[in-house]
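What follows is the residue order along each chain.
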Amino acid sequence: MAALGVLDEIVDTARYPLADAADPGRDAAVARARAELAASGCTVLRGFIRPELTATLRAQGEAMAPHAHYEVERVNAYNIPLDTELPQDHPGRIVLERGNAFVPRDRIPLDALIHRLYVDAGFQRFVADCFGLAELHEFADPLAGLCLNVVAPGMSHPWHFDTNEFTVSMLTQPAESGGIFEYCPNIRTPDAENLDDVRAVLTGAGERSIQRLVLRPGDLQLFQGRFSLHRVSPVAGARQRHSAIFAYTDRPGVIGTVERTRQLFGRVLPDHLAAAADVVRGDRLLD
Ligand SMILES: O=C(O)CCC(=O)C(=O)O
Ligand SMILES: [Fe+2]
């Protein structure tokens, strides 16, 4: 018998036949994801992981969670410095507490389900196809490429826009209550910040803009967070909420800055210092 590939072993290929590039079911899954991304910047592939593996997925997340770096950070929704000069009523002046913590890639065992999936070429090709990207690369960053996002009881991952154009994530453990992924589809566009709508959400008056996702362990979420304000609402109950963040870019060699890396993970590695000397970023945008 031929050895099973990672996709066959981990992914529920009865629902998502990704292992065979010629399977029409794969095309159908890609087409569905593309349509939903075009409409709302978000799609969820329910039950992406084989149901018999969701308990393992969750247990592996629990085992690595103690390695998360905790440091409550004062932030704004734009992830720009809090002392940036902004008009009096600009929503970027609203200060939020980022209380989530990240387990970095070098603390995630190579044989963990999320790590095996993250590096799998067939999985990467599928994700690229869903986002309509010609190329997809793992972050060159040895810490930020793959993370477990840990939101402990009483904490939240507050409203923000992502720097990345696209995000791939998978819930591995839900909170007992709260910890809901909330998002405002396309609340801003490449041409318009729509500050009034953003301010309304940040001040609790934006209910009309907000959609909510109830995620289960093993659901795969594809999201375009650069234009859709989003958060993980405060976690309640005894249990932490865990989600894996698979970070990819459409060009090779991307690595975080020394300052940002220290903030997120509490340490930097030689790769970050080397990259600071030889900036590989393709643009000069903030963060
Ligand atoms: O953990 C999640 O579900 C959301 C994570 C997120 O928004 C981010 O890491 O930027
Ligand atoms: Fe985000």
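What counts as what
Residues numbered from 1 in each chain as written. Chains lettered and ligands numbered in written order. Predicted model: local features only at pLDDT ≥ 70, side-chain atom pairs only at ≥ 80, totals over all residues. Helix = DSSP H or I, 4+ residues; strand = E, 2+ residues; numbered from the N terminus. Rg over C-alpha atoms; globule rule 2.2 N^0.38 Å. Buried ≥ 20, exposed ≤ 12 C-beta atoms within 10 Å, placed from the backbone. Contact = placed C-beta atoms within 7 Å. Axes fitted to C-alpha atoms, helices over the stretch in contact; angles between N-to-C directions. Parallel < 35°, antiparallel > 145°, perpendicular 65-115°, else oblique. Nonpolar A, V, L, I, M, F, W, Y, C, P; charged D, E, K, R; others polar. Core = buried A, V, L, I, M, F, W, Y, C linked by C-beta atoms within 7 Å. Pairing = 2+ DSSP bridges. Near = placed C-beta within 6 Å. UniProt positions renumbered as here; feature names shortened; annotations may be inferred. Expected span 1.5 Å × (residues − 1). Arc of directions from axis to C-beta.

In the annotation of an unreviewed UniProt entry, the chain is listed under the name Fe2OG dioxygenase domain-containing protein and assigned to Nocardia tenerifensis.

Chemist: Just checking my understanding: could you explain the overall build of the chain for this structure?
Modeler: Along the backbone of the chain there are eight helices and 16 strands. A compact globule built from 287 residues should have a C-alpha radius of gyration of about 19 Å, and the chain, at 19 Å, falls within 12% of that. Seen through its C-alpha atoms, the chain measures out along the principal axes to roughly 65 × 45 × 40 Å. The buried share of the chain, taken over its 287 residues, is 39%. If you take every contact in the chain between residues at least 6 apart in sequence, the share linking residues at least 24 apart comes to 81%.

Chemist: Mind showing me how you'd approach the packing of helix H2 (residues 24–40) against helix H5 (residues 121–131) here?
Modeler: When two helices pack together, you describe them by how their axes are tilted relative to each other and by the distance separating the axes. One can describe the packing of H2 onto H5 by two numbers: an axis separation of 8 Å at closest approach and a directional angle of 45°. Compared by their axis directions, H2 and H5 come out oblique. For the pair formed by H2 and H5, the contact residues are Val30, Ala33, Arg34 and Leu37 on the first element and Asp129, Cys130 and Phe131 on the second. Grouping the amino acids of the contact of H2 with H5 by side-chain chemistry returns five nonpolar, no polar and two charged.

Chemist: Quick question: what am I supposed to make of the nonpolar core here?
Modeler: A general tendency of soluble globular proteins is for nonpolar side chains to be buried together. If you look at the biggest cluster of nonpolar residues, it comprises 69 residues, and the most contacted ones within it are Val103, Ile114, Val127, Leu148, Leu229 and Phe246. If near-sequence neighbours (up to four positions away) are discounted, Val127 is found in contact with Leu136, Val168 and Tyr248.

Chemist: How should I be thinking about the sheet that holds strand E4 (residues 101–103) in this particular structure?
Modeler: Strands belonging to one sheet form pairs held by backbone hydrogen bonds; the direction of such a pair is parallel or antiparallel. Ordered by their spatial adjacency, six strands build an open sheet running E1-E12-E8-E15-E6-E4, and the pairing between neighbours is antiparallel. Both edges of this open sheet fall to strand E1 (42–45) and E4, since each of them pairs with a single strand only. On average, adjacent strands in this sheet sit at an angle of 25° to one another, irrespective of strand direction. Contacts from H2 reach E1 and strand E12 (220–223), with the element oriented near 145° to E1.

Chemist: Could you clarify how one ought to interpret the site of ligand 1 in this entry?
Modeler: Around ligand 1, the structure places Asn149, His157, Asp162, Ser169, Phe181, Gly225, His230, Val232, Ser243 and Ile245. Broken down by secondary-structure element, the contributors of at least two residues to the shell around ligand 1 are strand E13 (229–232) and strand E15 (241–246). Residue classes in the shell around ligand 1 are distributed as three nonpolar, six polar and one charged.

Chemist: I keep staring at the sheet that holds strand E11 (residues 211–213) and nothing clicks. Help me out?
Modeler: Pairing is antiparallel in the open sheet, where four strands are placed in the order E7-E13-E10-E11. At either margin of the open sheet sits one strand with a lone partner, and together these are strand E7 (157–160) and E11. Between one strand axis and the next, the sheet turns through 15° on average, direction left out of account. As judged from the two bridges shared by E7 and E13, these two strands associate in the antiparallel manner. Note that in E13 the partner of His160 across the bridge is His230.

Chemist: Even after reading the chapter, I still don't get the pairing of E1, so can you show me in this structure?
Modeler: The two faces of the sheet receive side chains in turn, since in a regular strand these alternate between them. Here E1 shows no split at all, with Cys42 and Val44 on one side and Thr43 and Leu45 on the other all buried. With four bridges joining them, E1 and E12 adopt antiparallel strand pairing. Pairing of Thr43 across the sheet is with Leu222, part of E12.

Chemist: It is not clear to me how the UniProt feature "domain: Fe2OG dioxygenase" (unreviewed entry) in the chain should be interpreted in this structure. Could you clarify?
Modeler: When the UniProt feature table is mapped onto this chain, "domain: Fe2OG dioxygenase" (unreviewed entry) is found at residues 138–252. Each end of residues 138–252 is marked by a C-alpha atom, and these two atoms are 7 Å apart; helix forms 7% of the span and strand 39%.

Chemist: So what exactly am I meant to see when it comes to H2 here?
Modeler: An α-helical turn contains 3.6 residues, so a residue and the one three or four places further along point in the same direction. Between its first and last C-alpha, H2 extends 24 Å over 17 residues, near the 24 Å set by a 1.5 Å rise per residue. Those residues of H2 not exposed but buried are Arg26, Ala29 and Ala33. Taken around the axis of H2, the buried residues stretch over an arc of 65°, which confines them to a single face. Exposed and facing more than 90 degrees away from the buried side of H2 are Pro24, Ala28, Ala31, Ala35, Ala38 and Ala39. On its buried face, H2 sits against E1, H5 and E12. Gly41 occupies a position one or two residues after H2 and carries a positive phi of about 75°.

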